[in-house]
Amino acid sequence: MALDKFHLTKKGDEWRLDKSGTNRARVKAPTKTEAMQKMQDYMKTNEESVRNHKENGRIQEERTYPRSKDPRGSKG
């Protein structure tokens, strides 16, 4: 089964975690650090793939939650 994809992006004055294809934020925070902490808490009960974006919108990294679901099996 394919993992759902989420994006952590900056929209206006806040960072948001949105599921691909939707506009409903699962997480909202004023800073990226706080948003990432909330995202990690949210992902404790979900099996998803998250693309973390830079402030300019470019993808910084992609993480799979939990790590055991990473299809590439890479260490990093």
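Draft legend 1. How the structure looks around the overall build of the protein. Looking only at helices and strands, one finds 1 helix and 5 strands in the protein. Reading the protein from its N end, one meets helices and strands in the order β-β-β-α-β-β. Across the 76 residues of the protein, 32% fall into the buried class. A total of about 5200 Å² of accessible surface is found on the protein, and carbon and sulfur atoms cover 45% of it.

Draft legend 2. Broad picture of the sheet that holds strand β3 (residues 25–29). Judged by pairing direction, the sheet is mixed, and its 5 strands sit side by side in the order β3-β2-β1-β4-β5 without closing on themselves. Sheet topology places β3 and β5 (59–65) at the edges, where each strand pairs with a single neighbour. Pairwise comparison of adjacent strand axes, ignoring direction, gives a mean angle of 20° for this sheet. Relative to β3, helix α1 (residues 32–43) is tilted by about 145°, and along the sheet it contacts β1 (4–11), β2 (14–19), β3, β4 (48–53) and β5.

Draft legend 3. Region of the structure containing the pairing of β5. Bridge count for β4 against β5 is 6 bridges, and the pairing is antiparallel. Counted as the bridge partner of Arg 51 is Glu 62 from β5. Hairpin remark: β4 followed by β5, antiparallel, with 5 residues in the connecting loop; positive phi at Gly 57, about 100°.

Draft legend 4. Here's a closer look at the packing of aromatic side chains. For the structure on display, the rule yields 1 aromatic pair. When the centroid spacing of 6.1 Å and the interplanar angle of 65° are considered together, the rings of Phe 6 and Tyr 42 count as edge-to-face. In this pair, Phe 6 sits in strand β1 while Tyr 42 sits in helix α1, placing the two residues 36 residues apart along the sequence.

Draft legend 5. Looking closely at the side chain of Asn 52. Examined against the element boundaries, Asn 52 turns out to sit in strand β4. Classification of Asn 52 as buried rests on a relative accessible area of 1%. The residues contacting Asn 52, other than those within four sequence positions of it, are Leu 8, Met 36, Met 39, Arg 58, Ile 59, Gln 60, Glu 61 and Arg 63.

Draft legend 6. Up close: the pattern of salt bridges. Counted according to the given criterion, the structure contains 10 salt bridges. The shortest N-O distance in the salt bridge between Lys 19 and Asp 4 comes to 3.4 Å. One end of the pair, Lys 19, is in strand β2; the other, Asp 4, is in strand β1, with 15 residues separating them in the sequence. A residue is classified by how much of its surface remains accessible, and Lys 19, at 25% relative accessible area, is partly exposed. For Asp 4, a relative accessible area of 33% translates into the label partly exposed. In this structure, Asp 41 engages Lys 44 in a salt bridge whose closest nitrogen and oxygen atoms are separated by 3.5 Å. Using a relative accessible area of 49% as the deciding quantity, one classes Asp 41 as partly exposed. Exposure remark for Lys 44: the relative accessible area of 67% places this residue in the exposed category. Members of the salt-bridge network, linked through shared partners, are Lys 11, Glu 14, Arg 16 and Asp 18.

Quick notes on the rules
- Note that residues are indexed from 1 along each chain, following the sequence as it is written.
- Totals for whole chains, interfaces and linings use all residues, but because this is a predicted model, local features are given only for residues with pLDDT of at least 70 and pairs of side-chain atoms are given and counted only at 80 or more.
- The side-chain figures draw on all heavy atoms in the structure; neither hydrogens nor water molecules are used.
- The helix and strand labels rest on DSSP assignments: H or I over at least four residues marks a helix, E over at least two residues marks a strand, and numbering proceeds from the N terminus.
- Exposure classes here rest on a 1.4 Å probe applied to the protein chains alone. A residue is buried below 20% of its type maximum, exposed above 50%, and partly exposed in between.
- Here the accessible surface of atoms and residues is derived via Shrake-Rupley with a 1.4 Å probe, and residues count as covered only by protein chains that are part of the display.
- Two strands pair under a simple rule: DSSP has to find at least two bridges between them.
- Whenever a helix is involved, its axis is fitted only over the stretch in contact; in every case the axis is a line through C-alpha atoms, and angles between N-to-C directions fall within 0 to 180 degrees.
- In this analysis, two residues are considered to be in contact whenever any of their non-hydrogen atoms come within 4.5 Å of each other.
- Aromatic contacts are taken between Phe, Tyr and Trp rings whose centres are within 6.5 Å, Trp giving its six-membered ring; a plane angle under 30 degrees counts as stacked, one over 60 as edge-to-face, and the others as tilted.
- A carboxyl oxygen of Asp or Glu within 4 Å of a side-chain nitrogen of Lys or Arg is what we treat as a salt bridge.

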